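Notes for the structure review
The residues making up each chain are set out below.
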Amino acid sequence: GQQLNQSPQSMFIQEGEDVSMNCTSSSIFNTWLWYKQDPGEGPVLLIALYKAGELTSNGRLTAQFGITRKDSFLNISASIPSDVGIYFCAGFGGTSYGKLTFGQGTILTVHP
Amino acid sequence: DGGITQSPKYLFRKEGQNVTLSCEQNLNHDAMYWYRQDPGQGLRLIYYSQIVNDFQKGDIAEGYSVSREKKESFPLTVTSAQKNPTAFYLCASSPGPGRPAGIHTDTQYFGPGTRLTVL
């Protein structure tokens with residue numbers, strides 16, 4: 001089945017630093033989604049990507065849909081303490097309606 | 001405000017008891033989903049429903065049951081057959097099939113989750 005490789009698994013950074021994380025897939029995806037999850041809460045959608053090559057920003061967040069349709073990255077610029085959380089990528093390949101494939105998550109810790 | 005609600009936030013049950021988790025959405029979405037999340041792990045799909053009165057098993061359906069009698073509601077029952085039910089349960093919804101062009105049917109939005117602890 002489809003698998004997503006998300007890296008890194010965890011990151012420890014200083015406030016103000018930029019962050020980059022990525023996901024790669026063993027097969028082609030039609031949609032890439034990036035979520036953030038705070039402890040004890042549900043994931044919140046940050047950015048949705050629907051077209052190969054698409055680059056989308058949401059405030060300090062930027063995400064890109066890889067041109068091969070097998071990868072995506074998320075960048076966070078000038079990190080702040082409230083960026084702490086778990087970031088998940090998810091993809092939809094179009095072969096099984098509605099069934100997203102999720103990455104294992106990147107745990108982000110920001111030191112003030 | 002449109003959104004997805006899950007209740008209760010925390011649930012405690014004795015081993016061997018069935019328990020039902022509630023999920024309601026007022027986003028007019030056709031499709032709804034249930035996921036299980038264990039500490040330090042990703043999300044695993046339990047059941048999903050693309051339309052009222054129809055649902056499909058996900059990757060870990062054993063020990064769970066669902067119903068979809070109304071568009072807005074998709075309750076999940078954790079039965080006594082589920083060997084390790086303690087987990088964080090997340091409900092999600094997406095617009096679903098048959099939507100106008102420009103509506104991304106597979107983008108899922110999540111509720112706040114229910115933490116189930118079986119004693």
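Residues numbered from 1 in each chain as written. Chains lettered and ligands numbered in written order. Predicted model: local features only at pLDDT ≥ 70, side-chain atom pairs only at ≥ 80, totals over all residues. Heavy atoms only, no water.

A word on the state of the cysteines
Per the stated rule, a full pass over the model turns up two disulfides over all chains. Residue pairing for A:C23: its cysteine sulfur links by disulfide to A:C89, the two sulfurs lying 1.7 Å apart. A torsion of -85° about the S-S bond marks the disulfide between A:C23 and A:C89 as left-handed. Of the two residues, A:C23 sits in strand β3 (residues 19–25) while A:C89 sits in strand β9 (residues 85–92), which places them 66 residues apart along the sequence. Pair check on accessibility: A:C23 and A:C89 agree, each one buried. At a sulfur-sulfur separation of 1.8 Å, the disulfide partner of B:C23 is B:C91. Here the S-S torsion is close to -75°, and the disulfide linking B:C23 with B:C91 is therefore left-handed. In this pair, B:C23 is assigned in strand β3 (residues 19–25) and B:C91 in strand β9 (residues 87–94), connecting sequence segments 68 residues apart. (Disulfide = S-S within 2.5 Å. Helix = DSSP H or I, 4+ residues; strand = E, 2+ residues; numbered from the N terminus. Buried < 20%, exposed > 50% of the residue type's maximum accessible area, 1.4 Å probe, protein only.)

Honestly, it's all geometry; don't read function into it.
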